[in-house]
Amino acid sequence: MRHFVIVGVLVIIVFLATYFGLTALKLMPVEASAQSIVVDWMWNLDFVVMCFLFALIVVPLVYSLIVFRRRKGDTSDGEHIEGNTKLEITWTVIPLITVLVFAYLGAYSLGETMAVDPNALEISVTARQWSWQFDYPEGFTSNELHLPVNRQVVLNMTSLDVIHAFWVPQFRIRQDILPGRVTNYRITPILIGNYTVMCSQLCGTSHSYMTAPVIVTSQADYDAWVQSQVTAAQAAAAAGGPANGKLLVQKYGCLGCHTTDGTKLVGPTWLGLYQSQVKLSDGRTVTADQAYLVESIVSPSAKIVNGFPDNVMPKTFGTALTQSQINDIVSYIETLK
Amino acid sequence: MKKFLTSALVRGLLWQAIGWLLGALFVTGIRFLMGLNPFDQFFFTEPAWVFGALVGAISFVAGTGAMTDWFKWAKGEETPEHREDPPGWEKYLNVSLDHKVIGIQYTVTALILMCVGGLFAMIFRTELAHSGLQFLTLQEYNTFMSLHGIVMIVGILVGVAGVMNYLVPMMIGADDMSFPRLNAFSFWVVPPAAVLLLSTLALGGFDTGWTGYPPLSVRAPVGMQMFFMGVAVAGWSSILGGLNLIATVLRMRTKGMTAFRMPIFIWAAIATSIITLTATQLIGLAFQLVMFQRLLGMGFFDPAKGGNPILFQHLFWFYSHPAVYVFVLPGLGLISELMPVFVRKPLFGYRFVAMSSLGIALVGFLVWAHHMFTSGMNEYLRVPFMYSTLLVAVPTGVKFFSWIATLWKGKIEAPTPMLFVVGGIVVFLLGGLSGPPNATVATDLHLHDTYWIVGHFHDTMFGGYIFPFFAAIYYWFPKATGKRMNETLGKIHFWLMTPAFLTLTLLMMRVGLLGMRRRVADYDPALGFDNYHLIMTIAGYLIAIAIAIFLYNLYISLRHGETATGNVWNSRSPEWQVPSPMPVHNYDVPFEVVGEPYDYGLPGSAYVRFADGSQSTKH
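Small disclaimer: the values here were computed from a predicted structure and weren't measured. (Residues numbered from 1 in each chain as written. Chains lettered and ligands numbered in written order. Predicted model: local features only at pLDDT ≥ 70, side-chain atom pairs only at ≥ 80, totals over all residues. Heavy atoms only, no water.)

**Student:** Would you take a moment to explain the overall build of chain B for this structure?
**Tutor:** A tally of regular secondary structure across chain B gives 21 helices and 4 strands. For 619 residues, the compact-globule formula gives about 25 Å, and the C-alpha radius of gyration of chain B, at 24 Å, lands near that figure. C-alpha atoms of chain B, sized along the principal axes, occupy 75 × 65 × 45 Å. Residues classed as buried in chain B amount to 65% of the 619 residues present. Working note: accessible area of chain B is about 21,200 Å², and carbon and sulfur atoms make up 69% of it. Of note, chain B has its 37 positive side-chain charges centred 5 Å away from the centre of its 33 negative side-chain charges. (Helix = DSSP H or I, 4+ residues; strand = E, 2+ residues; numbered from the N terminus. Rg over C-alpha atoms; globule rule 2.2 N^0.38 Å. Buried < 20%, exposed > 50% of the residue type's maximum accessible area, 1.4 Å probe, protein only. Areas by Shrake-Rupley, 256 points an atom, 1.4 Å probe, with all protein chains shown as cover. Lys, Arg positive; Asp, Glu negative; His and termini not counted. Charge placed at Lys NZ, Arg CZ, Asp CG, Glu CD.)

**Student:** Where do I start with the packing of helix H6 (residues 138-172) of chain B against helix H8 (residues 190-199) of chain B in this structure?
**Tutor:** A pair of packed helices is characterised by two quantities: the angle between their axes and the separation of those axes. All names here are of chain B. Viewed as axis vectors pointing N to C, H6 and H8 meet at an angle of 170°, and their least axial separation amounts to 11 Å. Taken together, the axis directions place H6 and H8 in an arrangement best described as roughly antiparallel. Only Val-190, Leu-197 and Leu-198 of H8 make contact with H6, whose side of the interface consists of Leu-147, Ile-150, Val-151, Val-154 and Val-158. Taken together, the residues that form the contact of H6 with H8 break down as 8 nonpolar, no polar and no charged. (Axes fitted to C-alpha atoms, helices over the stretch in contact; angles between N-to-C directions. Parallel < 35°, antiparallel > 145°, perpendicular 65-115°, else oblique. Contact = heavy atoms within 4.5 Å. Nonpolar A, V, L, I, M, F, W, Y, C, P; charged D, E, K, R; others polar.)

**Student:** Help me out: how do you make sense of the state of the cysteines in this one?
**Tutor:** A covalent bond bridging the sulfur atoms of two cysteines is what the word disulfide describes. All names here are of chain A. On inspection of all chains with the given rule, the structure shows 0 disulfides over all chains. Here Cys-199 is not disulfide-linked; the sulfur of Cys-203 is the nearest cysteine sulfur, at 3.8 Å. Judged by its relative accessible area of 0%, Cys-199 is buried. Here Cys-203 falls in the buried class, since its relative accessible area comes to 0%. (Disulfide = S-S within 2.5 Å.)

**Student:** Looking at this model, I keep getting lost on the domain arrangement of chain B. Mind explaining?
**Tutor:** Think of interface size as the accessible area that goes away when the parts come together; that is how it is often given. Residues and elements named next belong to chain B. Partitioning chain B into domains gives domain 1 (1-71) and domain 2 (96-610). Distance from the C-alpha centre of domain 1 to the C-alpha centre of domain 2: 31 Å. Each partner contributes to the interface: domain 1 provides 20 residues, whereas domain 2 provides 21 residues. The interface formed by domain 1 and domain 2 contains 2 salt bridges. As a salt-bridge pair, Asp-69 and Arg-181 come within 2.6 Å of each other at their nearest N and O atoms. (Domains from an automatic or database assignment. Salt bridge = Lys/Arg side-chain N within 4 Å of Asp/Glu carboxyl O.)

**Student:** Even after reading the chapter, I still don't get the interface of chain B and chain A, so can you show me in this structure?
**Tutor:** Counting residues at the interface gives 90 residues for chain B, matched by 87 residues for chain A. Here chain B packs against chain A, burying approximately 7,600 Å² in sum over the two surfaces, 69% of which is carbon and sulfur. Contact with chain A buries area across many residues of chain B, yet Phe401(B), Trp408(B) and Arg517(B) alone supply 10% of it, more than any other trio. At the junction of chain B and chain A, the tally comes to 3 salt bridges. Our count for the chain B to chain A interface comes out at 30 residue pairs in polar contact (both at pLDDT 80 or more). In terms of residue class, the side of chain B that touches chain A is made up of 51 nonpolar, 20 polar and 19 charged. (Buried area = accessible area lost by both parts, 1.4 Å probe. Polar contact = N/O pair within 3.5 Å; in protein donor to acceptor, adjacent residues only side chain to side chain.)

**Student:** How should empty space enclosed by the protein be read in this particular structure?
**Tutor:** In this approach, a probe sized like a water molecule rolls over the atoms, and the result shows the empty space that is left. The final tally for this structure, using the stated rule, is 7 cavities of 30 Å³ or more. Size it by volume and the largest cavity reaches roughly 560 Å³. Taken together, 33 residues line the largest cavity, and the ones lying closest to its centre are His258(A), Pro268(A), Ser296(A), Pro300(A) and Met313(A). In terms of residues, the lining of the largest cavity owes the most to one element, helix H6 (residues 290-298) of chain A, which gives 4 residues. Within the lining of the largest cavity, the residues separate by chemical class into 22 nonpolar, 8 polar and 3 charged. Of the volumes computed, that of the second largest cavity is approximately 220 Å³. Lining of the second largest cavity is provided by 20 residues; of these, Leu157(B), Ala161(B), Ser237(B), Ser238(B) and Gly241(B) occupy positions nearest its centre. Looking at the lining of the second largest cavity, the elements with two or more residues in it are H6, helix H10 (223-251) and helix H11 (264-296) of chain B. For the lining of the second largest cavity, the leading source of residues is H6(B), giving 7 residues. Residues of the lining of the second largest cavity, tallied by class, amount to 12 nonpolar, 8 polar and no charged. (1 Å grid on protein atoms, 1.4 Å probe; cavity = no way out; pocket = protein on both sides within 12 Å on 5 of 7 lines; lining within 4 Å. Points joined across faces, edges and corners; volume = space filled by probe spheres on them.)

**Student:** Looking at this structure, I do not really get the domain arrangement of chain A. What am I missing?
**Tutor:** Residues and elements named next belong to chain A. One can read the domain layout of chain A as domain 1 (2-62 + 89-113), domain 2 (121-234) and domain 3 (240-334). Put simply, the middle of domain 1 and the middle of domain 2, counted by C-alpha atoms, are 34 Å apart. Counting from both sides, the interface comprises 13 residues of domain 1 and, opposite them, 13 residues of domain 2. Surface buried jointly by domain 1 and domain 2 totals about 990 Å² across both partners, of which 62% is contributed by carbon and sulfur atoms. Summed over the shared surface of domain 1 and domain 2, the result is 1 salt bridge. Across the salt bridge formed by Arg-172 and Asp-40, the nearest N and O atoms sit 2.8 Å from each other. The tally of links between domain 1 and domain 2 comes to 8 residue pairs in polar contact (both at pLDDT 80 or more). Looking at the side of domain 1 that touches domain 2 element by element, the count peaks at 6 residues for helix H2 (residues 34-67). For the side of domain 1 that touches domain 2, the class distribution of residues is 7 nonpolar, 4 polar and 2 charged.

**Student:** Please clarify how the pairing of strand E4 (residues 145-148) of chain A should be interpreted in this entry.
**Tutor:** Sheet faces and side chains relate simply in a regular strand, where the side chains alternate between the two faces. Residue and element names in this part refer to chain A. Residues Leu-145 and Leu-147 point to one face of E4 and His-146 and Pro-148 to the other, with burial holding for every one of them. Summarising the sheet, E4 and strand E10 (residues 211-217) pair through 4 bridges and their orientation is parallel. Each bridged residue has a counterpart across the sheet, and for Pro-148 the counterpart in E10 is Thr-217. (Pairing = 2+ DSSP bridges.)

**Student:** I would appreciate a short explanation of the pattern of salt bridges in the present structure.
**Tutor:** Close approach of charged atoms lets side chains of opposite charge pair. All names here are of chain B. Summed over all chains, the structure comprises 17 salt bridges over all chains. The salt bridge partner of Asp-69 is Arg-83, with a shortest N-O separation of 3.4 Å. Of the two residues, Asp-69 sits in helix H4 (residues 68-74) while Arg-83 sits in the loop between H4 and helix H5 (99-128), which places them 14 residues apart along the sequence. Under the relative-accessibility criterion, Asp-69 is labelled buried at 7%.

**Student:** For this particular structure, what's the right way to read helix H1 (residues 2-24) of chain A?
**Tutor:** Helical periodicity: at 3.6 residues per turn, an α-helix aligns residues three or four positions apart in one direction. Residues and elements named next belong to chain A. Here H1 spans 33 Å end to end across 23 residues, near enough to the 33 Å set by a 1.5 Å rise per residue. All of the buried residues along H1 are His-3, Val-7, Val-11, Phe-15, Thr-18 and Tyr-19. Buried residues along H1 sit in contact with H2. The positive-phi residue at the C-terminal boundary of H1 is Lys-26, with phi of around 55°. (Expected span 1.5 Å × (residues − 1).)

**Student:** Honestly, the sheet that holds strand E5 (residues 153-159) of chain A in this entry has me stumped. Any pointers?
**Tutor:** Sheet strands pair by backbone hydrogen bonding; their relative direction is either parallel or antiparallel. The strand order across the open sheet built from 5 strands is E3-E2-E1-E5-E8 (chain A), with neighbouring strands paired in mixed fashion. Whereas interior strands pair on both sides, the edge strands pair on one side only; in this sheet they are strand E3 (141-142) and strand E8 (183-187) of chain A.

**Student:** I would appreciate a short explanation of the packing of aromatic side chains in the present structure.
**Tutor:** Describing an aromatic ring pair means giving the distance of the ring centres and the angle of the ring planes. Residues and elements named next belong to chain B. In this structure the tally under the stated criterion is 74 aromatic pairs over all chains. Judged by centre distance (5.6 Å) and plane angle (70°), the ring pair of Phe-342 and Trp-569 falls under edge-to-face. Highlighted residues: Phe-342 in helix H12 (residues 309-343) and Trp-569 in the loop between helix H21 (530-560) and strand E3 (591-593), separated in sequence by 227 residues. Each member of the pair, Phe-342 together with Trp-569, is buried. Measuring from ring centre to ring centre gives 5.0 Å for Phe-494 and Trp-495, while their planes differ by 85°; the resulting arrangement is edge-to-face. With relative accessibility at 5%, the residue Phe-494 sits in the buried group. Judged by relative accessible area, Trp-495 falls into the exposed class, the value being 55%. Counting every residue linked through ring pairs, the aromatic cluster contains Phe-206, Trp-210, Tyr-213, Phe-227, Phe-228, Phe-287, Phe-300, Phe-301, Phe-312, Phe-316 and Trp-317. For Arg-351, the ring lying beneath its charged end belongs to Phe-260, and the centroid distance is 4.2 Å. In this structure, Arg-572 packs its charged tip against the face of Tyr-600, placed 5.8 Å from the ring centre. (Phe/Tyr/Trp six-rings, centres within 6.5 Å; stacked < 30°, edge-to-face > 60°. Lys NZ or Arg CZ within 6 Å of the ring centre and 35° of its normal.)

Here it is in structure tokens:
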């Protein structure tokens, strides 16, 4: 009986120490969405049980190892206890009930994170290896996701190539993005600040770098940003030429693989590319003239630069871009000397 | 040296190389005749590599002679029932029909594979010690990370097969497995599978992780196909091994060994074998469909052709989740098997522990979609899969509570095997406790694909199999060799590895919660994880040093170990009632079961009685 009392007290002490000690370490990032509060509520319930079970198993384990250790010279066996059916049933039934309760709570909290606001702001997200593109209802495109605070937003997400996933740790929610389908990500930001969306489904070599800024601002700042983007897009489209090209390469994520400063990423850099001699994987050498650049955008597999992989760049730009947009991009690349 | 060069292993490797070359040349010739491009980036084209790999793997097994008796039977020739092995070490490099030799072959292969897989981990763990790219390219990082996963998985599968092969016939009083030639075949498909997996390194690698999700795996280099082929070939070992084991336990138990008088490890082995026999096909199928999509343009998982990438994930996890229990159940069985010996008390609630193994195995078939909570499958399906997943906690809990009750009021001794038993319980407990938040869907939306998961499953794998595997090696080494492993080195191994491993996995969970994605070659220094990763890398090196000490201990104990031919652990189990090392056909005198397996502390009780009248009682 004495053993049970000591172990019981120790279990409670260790449980409380583990729970409050670890919670004090701030295990989770800040809560930046309404959904994160629900997730953290569920996490906390899980964590209480985890800490309790940890104490419940480890304390009697360590206690037994110390108190019931074999003393020197003792060659006798332990007590012949084969089992106890009542005890076995108890520790089958109590966990079973706990598990059912937790499954119910899990379903409840899942439902809470999925709660729909009919007035939610809708933004289209396009993921590709290895960049993000956000299309706003006002008709412009951005590589940064700006969101107004305290308003639910639905991201309608699709992928142009492989499976990606949208995850902002401070929002807690994660959703995979599939090719040929639209999946939804519903979130209500509640904290103004700068966050990062990270692709969290392995999507190839540059997976680590597939991130984009997520900027939560006040409604007024958001409106001002939208207005400035609309104006800039209209001005660039009207002007055409390199300025529009520069906007387009950001919009379509070209800079995820091609740099403008000479660094080698998955694709060749554009710095000094125009009119240079390019060595191809089949041994030929060609001049990177205007026709070459257009061809490389429209049908990327036609000529593969030596040392770079085939089948990485999407083959969809011939249809996604108009002829004048392609010309603008080429004219922008021509300026990078 | 001559014995080595003429061994079945070397012959098999040679045949594999020749078969591979001939197969590839055959396809290349056909392509040439059809006017198709006969050569490609890695010399041969992808179809040529794949067909060659298949021919090579079959050639390996044919080359070793593991199928010779079957060929003879097909021709109507008689072969002897038993084949005598040579006395020296060379029997381990040649085809043997003795389950003990095959068990050791498996175990050594497992240790080699785990060392290779661990080496890959050390390479990319070093890369991760600091943010930014140090010395690996992105493709190399992904390849090493993917290979670490699959080589370790195959390594553990092989390790499980090793322990089961060595122990099960001995424990049930059989002279061998039901189908000794099938048993040899099951082992000899593993080396060519390992060669295939490692060949990915030379063929462009693969950047998909061991999960190989399409469409990414459709775009990866030729190495991807070698990965698929390697897993498919290794799968044969699992399926046939499971079949053989079930037949052996059902048909070959000694007199008096009823279901509830079997050593508890047998229950675990049966539960595991049911899974390997019935689920392994699904991963082979999933990978084969991607192979066909790549080779023949069949759009199983290509949305543009009406395919569905999520279908792959269902097929893949239908095996790959139960596979976790294939690793863990034998490990937990080993813990239950060894604990009463060192506590000198019966296993608490034998029947409940036995049934919990079957319970875990069966519920394990119903939980696969919890790997897909964020995948975009039907969102309402997440709820039933949450219920089934949480249900696994119940039989797992029964095991923990029964172990604690077994320890209670025992006379606990803690030599090295017992240390690894206790270490395994603690580490597996952390793995188990970090599971429920992944099951309650809302929390999994945050935890999925983070380092939290990495920490969680490394704890389950290490606690569930690696620790018990070490315990088993330390425990049965005297049975296999007649020598004891060095106790001091064993203790150093344990006390170095355990704290380092706990540090590693707890920090993994820590950074995972804070926002560290898994499977990334680089991370943003602004996240502030650099110091955590540095400590994790140091912990990784400490584990590597501990493993090196273990390997040295194996070597030194084999050469100069203290002689131990008797019942070193004072066990009631039948294999310890005869002198070590075990005779070739196990028991010269058959035994029958006359009592309960774990009646430690019951004076005058016996588990087995040999036909010559000797009994196993308290020693």
